[in-house]
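Coordinates in review
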Amino acid sequence: ECAAFLDRHPELSSPVEVEGIGRLKIDYSELKATVHQYLPAVHEAGNIYRHISKFRRANDPFIIEVSIDETPQPQTPRDLLVILAALSDQEIPLQ
């Protein structure tokens, strides 16, 4: 799964400008470790989101909150880029 994610998101290895933060660059080994750390939790969030979606009434909107606590340290902007890409892959709406 991690290799497939990395193949789908080559843009994560390129420098990106983030307003208020500046230029972010994730080297491949750091990117691979970050994906390995967070991807299982994001997949589970996707499973839960789809389960809830299946049983709600069509016109009942809901907002999902995703909390990923698999680390003793706060997520870095680089971590958040990976998490957001993974959430998008799971088709979890983001606000």
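Our subject is the structure listed above.
Residues numbered from 1 in each chain as written. Predicted model: local features only at pLDDT ≥ 70, side-chain atom pairs only at ≥ 80, totals over all residues. Heavy atoms only, no water.

1. Section: the nonpolar core
In this structure, Phe5, Leu12, Leu31, Val35, Val42, Val82 and Ile83 are the most contacted members of the largest nonpolar core, which totals 18 residues. Mapped onto this core, the elements with two or more residues apiece are helix 1 (2–8), helix 2 (28–55) and helix 3 (77–89). With 7 residues, helix 2 is the single largest residue contributor to this core. Excluding anything up to four places from it in sequence, leucine 31 contacts Leu6, Leu12, Ser13, Ile26 and Val82. (Core = buried A, V, L, I, M, F, W, Y, C linked by side-chain atoms within 4.5 Å. Buried < 20%, exposed > 50% of the residue type's maximum accessible area, 1.4 Å probe, protein only. Helix = DSSP H or I, 4+ residues; strand = E, 2+ residues; numbered from the N terminus. Contact = heavy atoms within 4.5 Å.)

2. A closer look at the environment of glutamine 75
Summarising the element assignment, glutamine 75 is placed in the loop between helix 2 and helix 3. For the pair formed by glutamine 75 and glutamine 95, sequence separation is 20 residues and the distance between their alpha carbons is 18 Å. Sequence-distant contacts of glutamine 75, that is, excluding residues within four places in its chain, are made with Tyr38, Ile68, Leu80 and Ile83.

3. Regarding a nonpolar patch on the surface
On the surface, Leu80, Leu84 and Leu94 cluster together to form a nonpolar patch covering roughly 260 Å² of accessible area. Examined against the element boundaries, leucine 94 turns out to sit in the segment after helix 3. Looking at leucine 94, the relative accessible area reads 46%, which means it is partly exposed. (Patch = residues over 30% accessible without salt bridge, like charges linked within 9 Å, V, L, I, M, F, W, Y side chains within 5 Å. Areas by Shrake-Rupley, 256 points an atom, 1.4 Å probe, with all protein chains shown as cover. Salt bridge = Lys/Arg side-chain N within 4 Å of Asp/Glu carboxyl O.)

4. A look at the layout of surface pockets
By volume, the largest pocket amounts to about 230 Å³. Around the largest pocket sit Tyr49, Arg56, Phe62, Ile63, Ile64, Val66, Leu87, Ile92, Pro93, Leu94 and Gln95, which together line it. The class makeup of the residues in the lining of the largest pocket is 9 nonpolar, 1 polar and 1 charged. (1 Å grid on protein atoms, 1.4 Å probe; cavity = no way out; pocket = protein on both sides within 12 Å on 5 of 7 lines; lining within 4 Å. Points joined across faces, edges and corners; volume = space filled by probe spheres on them. Nonpolar A, V, L, I, M, F, W, Y, C, P; charged D, E, K, R; others polar.)

5. Things to note about unusual backbone geometry
Of note, the phi angle at glutamate 91 is positive, near 60 degrees, even though the residue is not glycine. Here glutamate 91 is to be found in the segment after helix 3.

Without other data, these values stay purely geometric and don't point to any function.
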